[in-house]
Amino acid sequence: MSVSVDYNRIDFGVFLPITNGGWIISDATPKIDGSYEQNRSAAVLAEELGLDFIMSMAKWRGYGGRTNHWGTSLESMTMMAGLAEATKKVKVYATVHTLLYHPAVAAKMFATLDQISNGRVGMNVVSGSFSKEFAQMGMWPEHLDHGARYDLAKEWMQVVKKLWSEERVNHQGTYFQLTDCMSNPKPVQSPRPSIICAGASDKGLSFTIDEGDACFVGGKDVQEIAKVSARAKEIAKERGKTIKTYAMFGIYPGETEEEASARIQLYQEGADREAILGLMESYGLAVDGKESSISARARTALMSQPISGTAEGIEAQIREIVETANLDGMMLTFPDYDADLRFFGERVLPRLRA
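The protein chain carries the name LLM class flavin-dependent oxidoreductase in an unreviewed UniProt entry, which gives Cohnella hongkongensis as its organism.

Here it is, written out as structure tokens:
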């Protein structure tokens with residue numbers, strides 16, 4: 001069911017190219033090296049164009065193949081500290097893994113980021129990841145299943161919130177023990193920085209609803225994204241709360257529909273099949289197993305669902321997606337974080353917000 005939308009209230013953000021290869025597993029794309037210089041340019045441009053936020057993921061191991069896709073990556077929190085200094089208005093989301101960072105360490109890091117950004121930082125919380133990434137460090141807890149990792153994340157988040165608001169914290173929990181723990185300064189934002197988390201299961205959605213402000217939802221197509229978005233808002237309503245939902249898409253512009261389609265075809269012809277298999281393995285997906293939103297998309301070499309065409313066509317597709325799925329925001333990727341980002345910011349975003 002479509003809903004009436006004020007697009008000045010919809011958040012549009014950029015998922016930064018913090019890793020090599022960006023969001024297309026191919027050697028036929030514009031060069032993305034994952035460098036700070038490239039990320040800084042994209043962040044500054046996003047702010048100039050009037051986008052609402054920038055975000056970077058945290059990645060610790062790539063997928064191999066001839067492109068060594070995602071084999072080179074910067075660290076999210078330190079990179080976003082630099083970008084917080086380089087920008088003035090845009091919201092700055094950094095990613096933290098609850099399995100890697102003690103909550104007292106993360107609480108202080110984000111309070112620092114909030115001060116650097118003058119109250120613009122947001123926290124993207126990841127409760128798990130891909131076992132091989134963490135196992136290489138000896139940090140994958142084999143004894144914790146999917147649900148237990150969310151239980152850990154919930155306790156982790158509650159400890160962080162206490163450290164952001166209380167002078168002394170005593171906590172004897174299942175996963176963390178703190179004795180007279182102090183953490184100053186507190187965040188600039190009141191009552192705290194915004195919190196976002198990706199999840200599709202009821203357990204994951206419940207965690208975000210209880211502890212956060214917005215949830216990244218995904219799916220094989222817009223209809224599946226709409227179902228997860230609706231489920232998140234339904235669970236929140238049952239608990240007397242509200243939750244925002246965001247989804248991730250790739251923007252593939254062209255002066256004509258044919259030009260945009262040809263770009264996608266070119267990228268897919270250069271697909272790095274070995275790296276795609278590496279990605280699927282990292283998610284624990286059998287090559288010939290049950291299709292998921294991840295594997296379905298990976299097979300096409302495009303890691304985010306594409307929105308392609310002319311400025312008018314992209315605008316129309318965004319309106320249809322936002323209104324069908326009742327989304328509160330979109331996080332966008334681009335083959336080229338200069339030309340394509342500029343196309344969106346100059347020729348699509350003003351049409352949406354007119």
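This is not the end of the story, as more comes after the structure.
K.L.:
Would you take a moment to explain the overall build of the protein chain for this structure?
P.N.:
When helices and strands are tallied, the protein chain shows twelve helices and eleven strands. Against the globule reference of 20 Å for 354 residues, the protein chain gives a C-alpha radius of gyration of 20 Å, in line with a compact fold. The principal-axis extents of the C-alpha atoms in the protein chain amount to approximately 65 × 45 × 40 Å. Counting the 354 residues in the protein chain, one finds 54% classified as buried. Within the protein chain, residue pairs in contact and separated by at least 24 positions form 74% of the contacts whose partners lie at least 6 positions apart.

K.L.:
Can you walk me through the packing of helix α6 (residues 202-211) against helix α7 (residues 222-238) in this structure?
P.N.:
Helix-helix packing: each pair is described by the crossing angle between the helix axes and the interaxial distance. Axis separation between α6 and α7 bottoms out at 10 Å; the angle between their running directions is 55 degrees. By the angle class used here, α6 and α7 are oblique. Considering the relative orientation of α6 and α7, their crossing is right-handed. Together, Asp-202, Leu-205, Ser-206 and Ile-209 of α6 and Val-228, Arg-231, Ala-232, Ile-235 and Ala-236 of α7 make up the contact between the two elements. Broken down by class, the residue content of the contact of α6 with α7 amounts to six nonpolar, one polar and two charged.

K.L.:
Sorry if this is basic, but what is going on with the pairing of strand β7 (residues 194-198) here?
P.N.:
Working note: regular strand, side chains alternate between the two faces of the sheet. A large share of β7 lies buried, amounting to four of its five residues. With four bridges connecting them, strand β4 (residues 121-126) and β7 associate as parallel partners. Residue pairing across strands places Asn-124 opposite Ile-196, the latter belonging to β7. Taken together, the three bridges between β7 and strand β8 (residues 214-216) define a ladder with parallel strand orientation. For Ala-198, the partnering residue across the bridge sits in β8 and is Phe-216.

K.L.:
Help me understand the nonpolar core in this model?
P.N.:
Soluble globular proteins: nonpolar side chains tend toward being buried together. Ranked by size, the top nonpolar core spans 106 residues in total, and within it Phe-12, Ile-54, Ile-318 and Phe-344 carry the most contacts. The biggest single contributor to this core is helix α5 (residues 146-165), with ten residues. Ignoring anything within four residues of it in the chain, the contact list for Ile-318 reads Tyr-7, Phe-12, Ile-251, Ile-307, Met-330, Phe-344, Val-348 and Leu-352.

K.L.:
Before we go on, may I ask you to explain helix α1 (residues 36-49) in this structure?
P.N.:
Given 3.6 residues per helical turn, the α-helix brings residues three or four places apart onto the same face. Given a rise of 1.5 Å per residue, 14 residues ought to cover 20 Å, and the 20 Å separating the end C-alpha atoms of α1 matches this to within 8%. For α1, the set of buried residues is Asn-39, Ala-42, Ala-43, Leu-45, Ala-46, Glu-47 and Leu-49. Looking at the buried residues of α1, the elements they touch are β1 (11-15), β2 (53-55), α2 (76-86) and α12 (339-353).

K.L.:
Just to check I follow, could you spell out the layout of surface pockets for this structure?
P.N.:
In this structure, the second largest pocket encloses a volume near 210 Å³. Considering the residues around the second largest pocket, the lining is formed by Asp-11, Asp-52, Phe-53, Lys-91, Tyr-93, Ser-194, Ile-195, Asp-213, Ala-214, Lys-244 and Tyr-246. Within the residue set of the lining of the second largest pocket, elements represented by two or more residues are β3 (91-97), β7 and β9 (244-253). Tallied by class, the residues present in the lining of the second largest pocket amount to five nonpolar, one polar and five charged.

K.L.:
Any chance you could explain the pattern of salt bridges here in plain terms?
P.N.:
Where charged atoms from two side chains of opposite charge come close, those side chains can pair. Within this structure, the stated rule accounts for 25 salt bridges. Across the salt bridge formed by Arg-342 and Asp-338, the nearest N and O atoms sit 3.3 Å from each other. Residue Arg-342 is classed as partly exposed on the basis of its relative accessible area of 32%. Here Asp-338 falls in the partly exposed class, since its relative accessible area comes to 41%.

Reading the values: rules and limits
- Residues numbered from 1 in each chain as written.
- Predicted model: local features only at pLDDT ≥ 70, side-chain atom pairs only at ≥ 80, totals over all residues.
- Heavy atoms only, no water.
- Helix = DSSP H or I, 4+ residues; strand = E, 2+ residues; numbered from the N terminus.
- Rg over C-alpha atoms; globule rule 2.2 N^0.38 Å.
- Buried < 20%, exposed > 50% of the residue type's maximum accessible area, 1.4 Å probe, protein only.
- Contact = heavy atoms within 4.5 Å.
- Axes fitted to C-alpha atoms, helices over the stretch in contact; angles between N-to-C directions.
- Parallel < 35°, antiparallel > 145°, perpendicular 65-115°, else oblique.
- Left-handed = near helix turned anticlockwise from the far one by under 90°.
- Nonpolar A, V, L, I, M, F, W, Y, C, P; charged D, E, K, R; others polar.
- Pairing = 2+ DSSP bridges.
- Core = buried A, V, L, I, M, F, W, Y, C linked by side-chain atoms within 4.5 Å.
- Expected span 1.5 Å × (residues − 1).
- 1 Å grid on protein atoms, 1.4 Å probe; cavity = no way out; pocket = protein on both sides within 12 Å on 5 of 7 lines; lining within 4 Å.
- Points joined across faces, edges and corners; volume = space filled by probe spheres on them.
- Salt bridge = Lys/Arg side-chain N within 4 Å of Asp/Glu carboxyl O.

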